Amino acid sequence: MKVAIVSNPRHRAGDMIEYLLLRAVHAFNKFVPADLLIVEGELGEPEEGFLKDLFLSVERRRLPLAPLWLVRQEGAALPEAPEQVDVNGVPESPAALVERIRLAAGGLPDFCRAPFEAVLADVGADGSIRAERVPMAVEKLPGVTDFHVHTRMAYCCENMDIPKALRMAELSNIETVAFIEHSGQLYFDVDDYWAGRYVWKTRGKADGCPAVCRMPGYEETIREGRRSGAFLNGFELDVDRNGDIILDEPDRRFAQVRLGAYHHMAEKYDAHIASRQFLFCTEALLKYGVHILAHPFRIFPWSGMAKPKELYEPVAELLRRCGVAAEVNFHQNDPEPEFFEICLKKGVKIALGSDSHNLYEVGFFLPHFRFLAELGVTGRLDEVLYRFPNKPDKGVKKDVL
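Residues numbered from 1 in each chain as written. Predicted model: local features only at pLDDT ≥ 70, side-chain atom pairs only at ≥ 80, totals over all residues. Heavy atoms only, no water.

## Describing the overall build of the protein chain
Within the protein chain, the regular secondary structure consists of 14 helices and 14 strands. Dimensions of the protein chain along its principal axes, counting C-alpha atoms only, are 65 × 45 × 40 Å. Every one of the 401 residues in the protein chain was classed for burial, and the buried ones make up 55%. Taking contacts inside the protein chain between residues at least 6 apart in sequence as the whole, the part at least 24 apart equals 74%. Put simply, the protein chain shows about 17,600 Å² of open surface, and 49% of that area lies on carbon and sulfur atoms. (Helix = DSSP H or I, 4+ residues; strand = E, 2+ residues; numbered from the N terminus. Buried < 20%, exposed > 50% of the residue type's maximum accessible area, 1.4 Å probe, protein only. Contact = heavy atoms within 4.5 Å. Areas by Shrake-Rupley, 256 points an atom, 1.4 Å probe, with all protein chains shown as cover.)

This is the structure in structure tokens:
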């Protein structure tokens, strides 16, 4: 049985511990799965709204593993912990279980201090306990960039805020952040975008989708954000069924970082046609001049289809020829080891992207670094990771291309 323990979060106003705690909840639900998650010790200051985003995210994502709260804090409205939990078929009080793990682990680290470690204990039926520390911040390495962080302008935004996102990146040991936005969401209304109608109909035509103009709002969001620090900015570029990139030419000036993404398939019912369509649109994005191909094959499971392994080689070759990086992305996605192995053999660079729509995700590279370790490249990250050629900008340039 796997038991995760977060000890002494000790929140203070403005310290972002609530989002690191939410990060731990997601980590132990998916990336280092646990059977039981306990938060114990001192919670800190229960300011108004504290943990609101945590409870919203657990509900929104329908996470099966919610925290069991064993904290000493007056005024904190938290679910009451059960008197006993099932530990390998034997009932035990949560407090006694925590003490057993604390003793076996030689103590529990305070979660309120970097690198924000929790403990994951493997509790055996024979009473044995093997414990490891799981940090919520990766080791600090020079030049590591989160190339995929959304803003408040995303239709799928949950709580994004540039100043807070920059702080989360700092706490996560991420040197640079690229704030990007879905280009299609800046030109189409929410219903036309999520229904994928923008793929089929031309914006502004009599028989097409109506035009919307959200680009000024995005530019203002970026300008306001510059007051809080330096960062990169750009777009996650959508593409229609004709291979046309959804970005008006005058707006290219704001496309400092260009991610290419295929979000909606025009044909979902024939695997062969879908694969041809994917390859056509991917090539269109690469030839347009994107720096990074975002979540390369995620569209297939999202459309109810298996990932076409026969496309791994040709897509990797297109990336090599066009000098475009492949993004490792875990946002509602499982990257394909076989595809990335092919990319590495061809010398294609690897970009890291959190695809953040919630503040807890910014710089959350625990799964990314584990994936890189599985690929066997941890010792040569300087060689394989994509580095953006320009430095982050703190001012607003009229033309960044």
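## Observations concerning the packing of aromatic side chains
The tally for this structure, following the rule as stated, stands at 22 aromatic pairs. Taken together, Phe31, Tyr262, Phe278, Phe297, Phe300, Tyr312, Phe330, Phe339, Phe340, Tyr360, Phe364 and Phe371 form an aromatic cluster joined through their ring pairs. (Phe/Tyr/Trp six-rings, centres within 6.5 Å; stacked < 30°, edge-to-face > 60°.)

## Some words on the environment of Arg61
Of note, Arg61 is situated in the loop between α2 (52-60) and β3 (68-71). Overall, the relative accessible area of 24% leaves Arg61 in the partly exposed class. With 41 residues separating them along the chain, Arg61 and Leu20 place their C-alpha atoms 17 Å apart. For Arg61, the residues in contact, after removing those within four places along its chain, are His26, Glu158, His331, Tyr360 and Glu361. Within the local environment of Arg61, its side chain forms a polar contact with the side chain of Glu158, the two groups lying 2.8 Å apart. (Polar contact = N/O pair within 3.5 Å; in protein donor to acceptor, adjacent residues only side chain to side chain.)

## Remarks on the pattern of salt bridges
In total, this model carries 27 salt bridges according to the counting rule given. One salt bridge connects Asp122 with Arg130, and the closest N-O pair in it is separated by 2.9 Å. Across the pair Arg321 and Glu317 runs a salt bridge, and its minimum N-O distance is 3.7 Å. On the criterion of helical spacing, the pair formed by Arg321 and Glu317 is a turn pair, its members being four residues apart in helix α11 (residues 312-322). In the salt-bridge network here, residues are joined through shared partners; they are Glu313, Glu317, Arg320, Arg321 and Lys346. (Salt bridge = Lys/Arg side-chain N within 4 Å of Asp/Glu carboxyl O.)

## With respect to the sheet that holds strand β7 (residues 129-135)
Here we have five strands laid out as an open sheet, ordered β3-β2-β1-β6-β7, and mixed in their pairing. Unpaired on one side and paired on the other, β3 and β7 mark the two borders of the sheet. Across the sheet, the mean angle from the axis of one strand to that of its neighbour is 25°, orientation sign disregarded. In this sheet, β7 lies alongside strand β6 (residues 117-123) in antiparallel orientation, the contact comprising seven bridges. In the strand pairing of β7, Val119 is matched with Arg133. (Pairing = 2+ DSSP bridges. Axes fitted to C-alpha atoms, helices over the stretch in contact; angles between N-to-C directions.)

## Regarding the packing of α11 against helix α12 (residues 337-345)
The N-to-C vectors of α11 and α12 enclose an angle of 40°; their axes lie 9 Å apart at closest approach. Relative to α12, the element α11 lies oblique. As for the relative orientation of α11 and α12, their crossing is right-handed in sense. Contacts between α11 and α12 pair Tyr312, Glu313, Val315, Ala316 and Leu319 from the former with Glu338, Phe339, Ile342 and Cys343 from the latter. Tallied by class, the residues present in the contact of α11 with α12 amount to seven nonpolar, no polar and two charged. (Parallel < 35°, antiparallel > 145°, perpendicular 65-115°, else oblique. Left-handed = near helix turned anticlockwise from the far one by under 90°. Nonpolar A, V, L, I, M, F, W, Y, C, P; charged D, E, K, R; others polar.)

## A word on the nonpolar core
Counting 110 residues, the largest nonpolar core has Phe28, Phe179, Phe235, Phe278, Leu319, Phe339 and Leu352 as the members making the most contacts within it. Not counting residues up to four positions away in its chain, the partners in contact with Phe339 are Pro296, Phe297, Tyr312, Val315, Ala316, Leu319 and Ala326. Grouped together as the second largest cluster of nonpolar side chains are 15 residues, Ile5, Leu68, Leu97 and Ile129 included. (Core = buried A, V, L, I, M, F, W, Y, C linked by side-chain atoms within 4.5 Å.)

## Here's the deal with the side chain of Glu117
You can see Glu117 is positioned in strand β6. In terms of polar contacts, Glu117 uses its side chain to reach the side chain of Arg133, at 3.2 Å. Sequence-distant contacts of Glu117, that is, excluding residues within four places in its chain, are made with Pro109, Phe111, Arg133, Val134 and Pro135.

## Digging into unusual backbone geometry
Cis geometry is adopted by the peptide bond preceding Pro115, which originates at Ala114 and carries an omega value of 10°. Along the chain, the position of Pro115 falls in the loop between α3 (94-105) and β6. Of note in the backbone geometry, Leu51 takes a positive phi value of approximately 75° without being a glycine. Take Leu51: it is sitting in the loop between β2 (36-41) and α2.

## Quick look at the sheet that holds strand β14 (residues 350-353)
Reading across from one edge, β8-β9-β10-β11-β12-β13-β14 is the order of the seven strands in this open sheet, with parallel pairing throughout. Each edge of the open sheet is held by one strand with a lone partner, namely β8 (145-149) and β14. Pairing of strand β9 (residues 176-182) with strand β10 (residues 232-237) involves five bridges; the strand directions are parallel. Across the sheet, residue Ile180 finds its bridge partner in β10, namely Gly234.

## Overview of the pairing of β8
Counting buried residues in β8 gives five out of five residues, a clear majority hidden from the surface. Once you follow β8 into helix α4 (residues 162-171) and on to β9, the crossover reads as right-handed. (Right-handed = clockwise from strand over helix to strand, strands pointing away.)

## Let's talk about α4
For α4, the full list of buried residues reads Ile162, Ala165, Leu166, Met168, Ala169 and Leu171. Asn173 sits one or two positions beyond α4 and adopts a positive phi of about 65°.

## A look at the confidence of the model for the protein chain
Averaged over the protein chain, the pLDDT score is 92; the fraction of residues at 70 or greater is 96%. Note that pLDDT drops below 50 for residues 396-401; the model gives that stretch twelve contacts with residues more than four away or on any other chain. (pLDDT = per-residue confidence, 0-100.)

## Structural notes on α11
For α11, the complete set of buried residues consists of Tyr312, Val315, Ala316, Glu317, Leu318 and Leu319. Tucked inside the fold, the buried residues of α11 contact α9 (271-288), β12 (292-293), β13 (325-329) and α12. Residue Gly323 follows α11 closely and has a positive phi angle near 65°.

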